[in-house]
Amino acid sequence: GQGVEQPAKLMSVEGTFARVNCTYSTSGFNGLSWYQQREGQAPVFLSYVVLDGLKDSGHFSTFLSRSNGYSYLLLTELQIKDSASYLCAVRDRRGSALGRLHFGAGTQLIVIP
Amino acid sequence: GGIITQTPKFLIGQEGQKLTLKCQQNFNHDTMYWYRQDSGKGLRLIYYSITENDLQKGDLSEGYDASREKKSSFSLTVTSAQKNEMAVFLCASSRGSERLFFGHGTKLSVL
């Protein structure tokens, strides 16, 4: 079946880094996105990857391995305001259609002083 | 920039009641979506629409109706609210497949 899995919680220290993992199993693959969602607010787009490797976007970097069905979001130089839920979303491929977006349950990142 | 506006922000209903949630976007995006977010679960797609008057069922469409009256608006109806139901309904829009823009959500509570 279609599945996107993420750890429920992650805790890291301010000034260090945090790696949020995502594993997926979908019918084909047509891209993976990461969103940040603060409590009571809308999810906000962070990154989109479709090719293997590391995509460096400064404070956020994204890694993808399609053969392993695995991605991670890396946050460096953590700040307290990075505390939020991080959602992984995978788009499958259905024939020639755009495909459906499947979301994980999100990882709650807590940054401590 | 654009904005997605969902109304109401909070919705309290009675068991069996029909409830309607509204969403407006001024991005001029073609595709709009309705997701349901429950605590501890991923966002689940209820309905989406790729253009005005188009309607596509998602994974959770049973118990819901939707309507894309015009390009900028997409409404969702809970056909019969379930007792003790509590969830957040998120509306989103996109131009392509890479990036969705979300509204702040409607929090539903059913007494």
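From a predicted model like this one, the values you see are computed outputs, not experimental measurements.

Asks: Tell me about the overall build of chain B, and name the residues and values.
Replies: In terms of regular secondary structure, chain B is built from zero helices and eleven strands. Ordered by position in the sequence, the α and β elements of chain B form the string β-β-β-β-β-β-β-β-β-β-β. Over its C-alpha trace chain B gives a radius of gyration of 13 Å, about what one expects of a compact globule, namely 13 Å for 111 residues. Seen through its C-alpha atoms, chain B measures out along the principal axes to roughly 35 × 25 × 25 Å.

Asks: Give me the packing of aromatic side chains: which residues, what numbers.
Replies: Scanning the model with the defined rule gives 14 aromatic pairs over all chains in all. Judged by centre distance (5.0 Å) and plane angle (20°), the rings of Phe63 of chain A and Tyr72 of chain A are stacked. Judged by relative accessible area, which is 23%, Phe63 of chain A ranks as partly exposed. In this structure an aromatic cluster arises from ring pairing among Tyr35, Phe45 and Phe103 of chain A together with Tyr33, Tyr35, Tyr48 and Phe102 of chain B.

Asks: Describe in detail the sheet that holds strand 1 (residues 3-5) of chain A, supporting the description with residues and values.
Replies: All names here are of chain A. With antiparallel pairing, five strands are arranged side by side in an open sheet as 1-3-8-7-6. Sheet topology places strand 1 and strand 6 (53-57) at the edges, where each strand pairs with a single neighbour. Going from strand to strand, the sheet's axes swing by 15° on average, the running direction of each strand aside. As paired strands, strand 6 and strand 7 (residues 60-65) are joined by five bridges and run antiparallel to one another. Bridge pairing in strand 7 links Asp56 to Ser61.

Asks: Give me the lowdown on the environment of Gly58 of chain B, citing residues and values where you can.
Replies: When you line up the elements, Gly58 of chain B lands in the loop between strand 6 (56-57) and strand 7 (64-70). Taking the C-alpha atoms as reference points, Gly58 of chain B and Ile46 of chain B, separated by twelve residues in sequence, lie 4.6 Å from one another. With near-sequence residues (within four places) excluded, Gly58 of chain B lies in contact with Arg100 of chain A together with Leu45, Ile46 and Tyr47 of chain B.

Rules of the game
Residues numbered from 1 in each chain as written. Chains lettered and ligands numbered in written order. Predicted model: local features only at pLDDT ≥ 70, side-chain atom pairs only at ≥ 80, totals over all residues. Heavy atoms only, no water. Helix = DSSP H or I, 4+ residues; strand = E, 2+ residues; numbered from the N terminus. Rg over C-alpha atoms; globule rule 2.2 N^0.38 Å. Phe/Tyr/Trp six-rings, centres within 6.5 Å; stacked < 30°, edge-to-face > 60°. Buried < 20%, exposed > 50% of the residue type's maximum accessible area, 1.4 Å probe, protein only. Pairing = 2+ DSSP bridges. Axes fitted to C-alpha atoms, helices over the stretch in contact; angles between N-to-C directions. Contact = heavy atoms within 4.5 Å.

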